[in-house]
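# Report on the structure
Each chain, letter by letter, is given below.
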Amino acid sequence: MSKVGLIYGSDGGMTEDVCKRLVKILGEDNIDLIEVLNSSTDEVSSYDKLILASSTWGSGDLQSDWEDFEDNLDEIDFSGKTVALLGLGDQDGYGDTFAESLYLLHEKVKDATIIGQTSTDGYDYEESLAVVDDMFLGLVIDEDNQDDLTDERLEAWANQIKADLGL
């Protein structure tokens with residue numbers, strides 16, 4: 001079994017914390033946890049199975065380290081790769097662009113096999129580009145307003161994506 005690369009960007013530490021919790025659920029021996037700030041195109045390219053995680057900042061923007069790295073994603077051939085997306089957002093403060101980091105990452109990796117779409121049930125937001133056919137493009141976590149649901153959502157999502165990640 002090859003390892004899964006979990007690439008994340010985190011300014012305030014919330015995304016990093018959520019990713020560390022996910023790694024514990026999926027198994028620390030199975031995942032390489034890598035901050036995008038310390039990553040390279042070659043490193044990301046070396047994984048056949050990836051989880052990409054970013055918080056959403058401002059009006060639907062990627063986390064700042066992801067913004068610096070996102071053009072590098074254009075250099076990677078994602079066909080043949082399996083990718084799951086994890087996005088953090090604030091549905092009360094930014095309900096009109098909720099968790100749109102998922103959409104921005106999805107646009108860069110859409111040639112991959114995208115796994116881990118999740119239901120929008122239980123969220124209260126106005127709109128989001130991260131929703132396609134009434135499903136989020138990945139897992140959405142709202143640590144600002146629904147932190148009491150994070151562990152449950154992580155567990156359910158981990159169970160959903162494990163087989164597709166070969167775990």
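Keep in mind that this is a model prediction, so the values were computed, not measured.

Cut-offs and rules
Residues numbered from 1 in each chain as written. Predicted model: local features only at pLDDT ≥ 70, side-chain atom pairs only at ≥ 80, totals over all residues. Heavy atoms only, no water. Helix = DSSP H or I, 4+ residues; strand = E, 2+ residues; numbered from the N terminus. Rg over C-alpha atoms; globule rule 2.2 N^0.38 Å. Buried < 20%, exposed > 50% of the residue type's maximum accessible area, 1.4 Å probe, protein only. Contact = heavy atoms within 4.5 Å. Lys, Arg positive; Asp, Glu negative; His and termini not counted. Charge placed at Lys NZ, Arg CZ, Asp CG, Glu CD. Phe/Tyr/Trp six-rings, centres within 6.5 Å; stacked < 30°, edge-to-face > 60°. Axes fitted to C-alpha atoms, helices over the stretch in contact; angles between N-to-C directions. Parallel < 35°, antiparallel > 145°, perpendicular 65-115°, else oblique. Left-handed = near helix turned anticlockwise from the far one by under 90°. Nonpolar A, V, L, I, M, F, W, Y, C, P; charged D, E, K, R; others polar. Expected span 1.5 Å × (residues − 1). Arc of directions from axis to C-beta.

Here we take up the overall build of the protein. A count of helical and extended segments in the protein gives five helices and 10 strands. For the protein, whose C-alpha radius of gyration is 14 Å, the value lies close to the compact-globule estimate of 15 Å for 167 residues. In terms of its C-alpha atoms, the protein occupies a principal-axis envelope of roughly 40 × 30 × 30 Å. Across the 167 residues in the protein, those meeting the buried criterion constitute 50%. Considering only residue pairs separated by 6 or more positions, the protein has 76% of its internal contacts joining residues 24 or more positions apart. Placing the 10 positive and 40 negative side-chain charges of the protein at their respective mean positions leaves the two points 9 Å apart.

Here we come to unusual backbone geometry. For D133, which is not a glycine, the phi torsion comes out positive at approximately 55 degrees. With respect to the helices and strands, the residue D133 is situated in the loop between β8 (131-132) and β9 (135-136). What makes D133 exposed here is its relative accessible area of 70%. Backbone geometry places D134, a non-glycine residue, at a positive phi of 60 degrees. If you trace the backbone, D134 turns up in the loop between β8 and β9. Looking at D134, the relative accessible area reads 62%, which means it is exposed.

Before going further, it helps to examine the packing of aromatic side chains. Scanning all chains against the criterion turns up six aromatic pairs. When the centroid spacing of 5.9 Å and the interplanar angle of 50 degrees are considered together, the rings of F98 and Y123 count as tilted. With F98 in the loop between β5 (82-88) and α4 (101-109) and Y123 in the loop between β7 (118-119) and β8, the pair connects residues that are 25 residues apart, well separated along the chain. Grouping residues by exposure puts F98 and Y123 together as buried. Among the aromatic residues, those joined into a cluster by ring pairs are F98, Y123, Y125 and F136.

This next bit is on the packing of helix α1 (residues 14-26) against helix α5 (residues 150-161). For any two helices packed against each other, one specifies the inter-axial angle together with the distance between the axes. It is at 10 Å that the axes of α1 and α5 come closest, and there the two elements cross at 45 degrees. When the axes of α1 and α5 are compared, the pair comes out oblique. Where α1 crosses over α5, the handedness of that crossing is right-handed. Side by side, α1 and α5 meet where V18, R21, L22, I25 and L26 of the first sit next to T150, D151, L154, E155, W157 and A158 of the second. For the contact of α1 with α5, the residue count by class is seven nonpolar, one polar and three charged.

The first and last C-alpha atoms of α5 sit 16 Å apart over 12 residues, in line with the 16 Å expected at 1.5 Å per residue. What α5 keeps buried is the set T150, R153, L154, W157, A158 and I161. Taken around the axis of α5, the buried residues stretch over an arc of 130 degrees, which confines them to a single face. Away from the buried face of α5 by more than 90 degrees, exposed residues E152 and N159 are located. Each element contacted by the buried residues of α5 is listed here: α1, β3 (49-57), β5, β6 (113-115), β7 and β10 (139-141).

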